[in-house]
Amino acid sequence: MAKAMMANPELRNPFKTTPVHPEGSTTVLYQGKKIVLAETGTSGSLLVRPDDLPAINGFELKPEGACYNDLCIPLAANMLVEADGREWFNLTAFADLLEQPWVADTQARVWSFAEMPTKRESTMVNAMAPDFEVTDRQGNVVRMADLKGKKALIVTWSSW
Amino acid sequence: MPVWQQVLEEINDPNFVIICAAEDVGGEAVAGPIFDAANPTYTQVVDVDHIISSAFNFVNVPSSAWIDEEGRIVRVDEGSYSKIHTISNGDQSIEFGNDVYTPALKDWVANGAASKHVQAPTTVASNIRVHSFDQLKADAAFRLGNLFREHGEADKADHNWAMARKLNPESVNFIRQDLTLTDEGSAGASFMKMRGRYESEGIDYYRPLDFQT
């Protein structure tokens, strides 16, 4: 039998156990970003400070709703929550409204959100390249918008 | 990835760029030396979370998209090989790849919208895989698994990766990425079994190429 190709079992668990975030914090994963929030409220839902929203998903609260560029989503009654004398934004209710999938490990206080289908509509309908943001090996942030004016080949590969 | 460096040099057009993304949870330790061996001048990304694949709904590597100067996709989700390859495992071997992709790419860079390989937006849109709610959710689960792996939480990593594979069984990326971290590797018995099932059930390993000749 030939040696197994591209087997790296030693890489399955190569890391030492370390805290995901400082005690009492919450981590949100969104499109490759890892946002550690010092303050959140949880009651089955993920409640974040409205001021943290732009750093998480690019939306900001305006009188007309939660807005991202020209897109504004009117807020349902359950999305702004008063607790302990403070206002919180119900991020998971917002995701559910937009049919944005998410998974969570509530014990570890980590929420991971998929991309919003709303943000993908121009790709699926008009074939416009989707927004993405990645960091290259030199540490530069690469965004789809930065490629405008050039032809680009986006190509994936893997070591496997 | 020397092939893409060679293509970049042959095209030699300052208004053409290549973004080459390694979809690899092994990270820099695994993908970095392969990049370095190519002496690349193109943009290199080690995409541990498979962000690029998710953005374009790719389910396999190598996959690609051509983007024009206005940010419009003109081709998408094609097995981007420069030649036909053969891999063997014991007495089994499979062929993969093609020799039509690179000439078509060069034609597009040279001729732009006039290239016969440019597809209409409606064609491109129909060639982008439509991912269900569960398939999108798989991306979130995969990344949650990656986070736990990076923090040494092996059981939680495996739990979330298994969820990702279950939610998006079409993703060859998720299946083979996981196999990479086993003794049998990504081209072992499990992979051959999967390939056999794809062939017997008529499932495309890649979306069929449809370049005009």
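The structure presented is a predicted model; accordingly, all values stated were derived computationally and were not measured.

**Let's talk about the packing of aromatic side chains**
Reasoning step 1: This structure, assessed with the given rule, holds 19 aromatic pairs over all chains.
Reasoning step 2: Ring centres of Trp157 of chain A and Phe35 of chain B lie 5.1 Å apart, and the angle between their planes is 90°; on these two criteria the pair is classed as edge-to-face. With Trp157 of chain A in strand S14 (residues 151-157) and Phe35 of chain B in helix H2 (residues 28-37), this residue pair bridges two chains.
Reasoning step 3: A relative accessible area of 4% means that Trp157 of chain A is categorised as buried.
Reasoning step 4: Residue Phe35 of chain B is classed as buried on the basis of its relative accessible area, which comes to 0%.
Reasoning step 5: Put simply, the rings of Trp4, Trp66, Tyr101, Trp108 and Phe211 of chain B pair up and form one aromatic cluster.
Reasoning step 6: Its end group placed over the ring of Phe191 of chain B, Arg176 of chain B keeps NZ or CZ at 4.1 Å from the ring centre.
Reasoning step 7: Between the NZ or CZ atom of Arg195 of chain B and the centre of the ring of Tyr205 of chain B, over which it lies, the distance is 4.3 Å.

**Re the packing of helix H8 (residues 172-180) of chain B against helix H9 (residues 189-201) of chain B**
Residue and element names in this part refer to chain B.
Reasoning step 1: Between H8 and H9, the least distance of the axes is 10 Å, while the angle of their chain directions is 160°. Judged by the angle between their axes, H8 and H9 are roughly antiparallel. Contacts between H8 and H9 involve Val172, Ile175, Arg176 and Leu179 on the former and, on the latter, Ser190, Phe191, Met194 and Tyr198.
Reasoning step 2: Broken down by class, the residue content of the contact of H8 with H9 amounts to six nonpolar, one polar and one charged.

**A look at helix H7 (residues 154-167) of chain B**
The periodicity of an α-helix, 3.6 residues per turn, causes residues three or four places apart in sequence to face the same way.
All names here are of chain B.
Reasoning step 1: With 14 residues, H7 ought to run about 20 Å at 1.5 Å a step, and its terminal C-alpha atoms sit 20 Å apart, in line with that.
Reasoning step 2: Along H7, the residues that are buried comprise Ala154, Ala157, Asn160, Trp161, Ala164 and Leu167. Within H7, the buried residues cover an arc of 160° as seen down the axis, which keeps them to one side. Exposed residues lying more than 90 degrees from the buried face of H7 are Asp155, His159 and Lys166.
Reasoning step 3: Its buried side turned inward, H7 meets helix H6 (133-150) and H8.

**Examining the state of the cysteines**
Residues and elements named next belong to chain A.
Reasoning step 1: Across all of its chains, the model carries one disulfide over all chains by this definition.
Reasoning step 2: Here Cys67 pairs with Cys72 through a disulfide, and the sulfurs are 2.0 Å apart. Measuring the twist about the S-S bond at about 110°, one finds the Cys67-Cys72 disulfide to be right-handed.

**Some remarks on unusual backbone geometry**
Reasoning step 1: With an omega of -10°, the peptide bond running from Val61 of chain B to Pro62 of chain B counts as cis.
Reasoning step 2: Residue placement: Pro62 of chain B occurs in the loop between helix H3 (51-56) and strand S3 (63-67).
Reasoning step 3: Phi at Arg109 of chain A is positive, roughly 60°, even though this residue is not glycine.
Reasoning step 4: Within the secondary structure, Arg109 of chain A sits in the loop between strand S10 (102-105) and strand S11 (110-113).
Reasoning step 5: Owing to a relative accessible area of 26%, Arg109 of chain A belongs among the partly exposed residues under this scheme.

**Some remarks on the confidence of the model for chain B**
Detailed reading of the predicted coordinates is not advisable wherever pLDDT falls low.
Reasoning step 1: Of the residues in chain B, 100% reach a pLDDT of 70 or more, and the chain-wide mean stands at 92.
Reasoning step 2: Between the elements of chain B, mean pLDDT differs from a low of 74, seen in strand S5 (residues 84-89) of chain B, to a high of 98, seen in strand S2 (residues 43-46) of chain B.

**Some thoughts on the pairing of strand S6 (residues 65-68) of chain A**
Residues and elements named next belong to chain A.
Reasoning step 1: Bridge count for strand S5 (residues 60-62) against S6 is three bridges, and the pairing is antiparallel. Along S6, the bridge assignment pairs Glu60 with Cys67.
Reasoning step 2: The hairpin turn running from S5 into S6, its antiparallel successor, is two residues long.
Reasoning step 3: Pairing of S6 with strand S7 (residues 71-73) involves three bridges; the strand directions are antiparallel.

**A look at the interface of chain B and chain A**
Reasoning step 1: Counting residues at the interface gives 94 residues for chain B and 69 residues for chain A.
Reasoning step 2: Summing the contributions of chain B and of chain A, the shared interface buries around 7200 Å²; its carbon and sulfur component is 62%.
Reasoning step 3: Summed over the three residues of chain B that lose the most area to chain A, namely Ile19, Glu69 and His151 of chain B, the buried surface amounts to 9% of that side.
Reasoning step 4: On the surface where chain B and chain A come into contact, there are six salt bridges.
Reasoning step 5: Across the salt bridge formed by Arg12 of chain A and Asp158 of chain B, the nearest N and O atoms sit 3.0 Å from each other.
Reasoning step 6: Linking chain B with chain A are 40 residue pairs in polar contact (both at pLDDT 80 or more).

**Section: the environment of Lys119 of chain A**
All names here are of chain A.
Reasoning step 1: Checked against the element boundaries, Lys119 lands in the loop between S11 and helix H3 (121-126).
Reasoning step 2: In this structure, the C-alpha to C-alpha distance between Lys119 and Glu99, residues 20 residues apart in sequence, is 11 Å.
Reasoning step 3: Ignoring any residue separated from it by four or fewer positions in sequence, one finds Lys119 in contact with Tyr30, Asn57, Phe59 and Tyr68.

**As for the sheet that holds S6 of chain A**
Residue and element names in this part refer to chain A.
Reasoning step 1: Taking strand neighbours across the sheet as the criterion, the three strands line up as S5-S6-S7 in an open arrangement whose pairing is antiparallel. Single-partner strands in this sheet number two, and they are S5 and S7. Neighbour-to-neighbour, the strand axes of the sheet open up by a mean angle of 35°, direction not taken into account.

Rules behind the numbers
- Residues numbered from 1 in each chain as written.
- Chains lettered and ligands numbered in written order.
- Predicted model: local features only at pLDDT ≥ 70, side-chain atom pairs only at ≥ 80, totals over all residues.
- Heavy atoms only, no water.
- Phe/Tyr/Trp six-rings, centres within 6.5 Å; stacked < 30°, edge-to-face > 60°.
- Helix = DSSP H or I, 4+ residues; strand = E, 2+ residues; numbered from the N terminus.
- Buried < 20%, exposed > 50% of the residue type's maximum accessible area, 1.4 Å probe, protein only.
- Lys NZ or Arg CZ within 6 Å of the ring centre and 35° of its normal.
- Axes fitted to C-alpha atoms, helices over the stretch in contact; angles between N-to-C directions.
- Parallel < 35°, antiparallel > 145°, perpendicular 65-115°, else oblique.
- Contact = heavy atoms within 4.5 Å.
- Nonpolar A, V, L, I, M, F, W, Y, C, P; charged D, E, K, R; others polar.
- Expected span 1.5 Å × (residues − 1).
- Arc of directions from axis to C-beta.
- Disulfide = S-S within 2.5 Å.
- pLDDT = per-residue confidence, 0-100.
- Pairing = 2+ DSSP bridges.
- Buried area = accessible area lost by both parts, 1.4 Å probe.
- Salt bridge = Lys/Arg side-chain N within 4 Å of Asp/Glu carboxyl O.
- Polar contact = N/O pair within 3.5 Å; in protein donor to acceptor, adjacent residues only side chain to side chain.

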